[in-house]
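# Structure assessment
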Amino acid sequence: MTTPLAETDPLLVALLSGIAARAESLDERCARAAAAPVGEAGEPDEAQLAGWIRAFSPADPAALHRRLSWEGWSAAEAARALSPAGERPTGAPLPDWLEDATARLGLGTADPAGGPETALDLSDLPFGALWEPWVAAALGRLADDRRAARLPAASRRTLARGLG
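Now for a look at the structure at hand.

Basis of the calculations
Residues numbered from 1 in each chain as written. Predicted model: local features only at pLDDT ≥ 70, side-chain atom pairs only at ≥ 80, totals over all residues. Heavy atoms only, no water. Helix = DSSP H or I, 4+ residues; strand = E, 2+ residues; numbered from the N terminus. Buried < 20%, exposed > 50% of the residue type's maximum accessible area, 1.4 Å probe, protein only. Contact = heavy atoms within 4.5 Å. Areas by Shrake-Rupley, 256 points an atom, 1.4 Å probe, with all protein chains shown as cover. Salt bridge = Lys/Arg side-chain N within 4 Å of Asp/Glu carboxyl O. Core = buried A, V, L, I, M, F, W, Y, C linked by side-chain atoms within 4.5 Å.

Here the focus is the overall build of the protein. On a plain count of helices and strands, the protein comes out with eight helices and zero strands. Expressed as a percentage of the 164 residues in the protein, the buried residues total 29%. By sequence separation, contacts in the protein at least 24 residues apart represent 67% of the contacts at least 6 residues apart. Accessible area of the protein: about 10800 Å², with a carbon and sulfur share of 60%.

The next point concerns the pattern of salt bridges. Evaluated as defined, the whole model comprises three salt bridges. Measuring nitrogen to oxygen at the nearest pair gives 2.5 Å for the salt bridge that ties Arg66 to Asp60. We classify Arg66 as partly exposed; its relative accessible area is 40%. Between Glu71 and Arg67 there is a salt bridge, and its shortest N-O distance comes to 2.9 Å.

Once that is clear, we can look at the nonpolar core. Of all hydrophobic cores here, the largest spans 12 residues; its members are Leu26, Cys30, Leu49, Ile53, Leu64, Leu68, Trp73, Ala75, Ala78, Ala79, Ala81 and Leu82. Of all the secondary structure elements, the ones that give two or more residues to this core are helix H2 (26-35), helix H3 (46-56), helix H4 (62-70) and helix H5 (75-81). Top element by residues in this core is H5. It accounts for four residues. For Ala81, the contacting residues outside a window of four places in its chain are Leu26, Arg29, Cys30, Ala33 and Gly86.

Below, the structure is given as structure tokens:
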């Protein structure tokens with residue numbers, strides 16, 4: 001059984017919470033801001049909204065307003081969602097998709113997915129270091145399959161190199 005590092009590693013918790021916060025949709029932030037009590041809403045972030053307008057369509061400032069209206073939002077609602085009222089609460093549970101990704105990649109556990117047998121070094125392959133956690137997760141899932149357990153270790157290493 002592995003020990004979740006998320007319970008003991010505040011840096012990992014902060015990293016995963018940051019990923020969850022940056023991945024939230026405007027819809028999620030608008031809903032949270034709309035539910036916030038008026039006194040706790042904070043000031044709308046007009047400066048960030050202005051940055052969005054410049055990035056979305058510098059030649060047509062009204063384009064972002066039109067796009068927001070297609071989703072049923074006003075510029076004021078979007079600005080409020082960018083205020084502290086729309087921020088993800090500290091300590092909020094991670095979204096299911098992030099929990100699933102961390103489990104599949106072995107993040108947040110003392111043992112990477114699949115244990116020591118899936119520990120591998122793909123650094124000699126192009127972008128190998130980026131592929132290592134994904135390959136380890138795939139091999140970990142393969143190790144859980146009774147039929148795949150008959151696959152010789154040399155064949156699993158060949159498969160890992162092919163996946164990378």
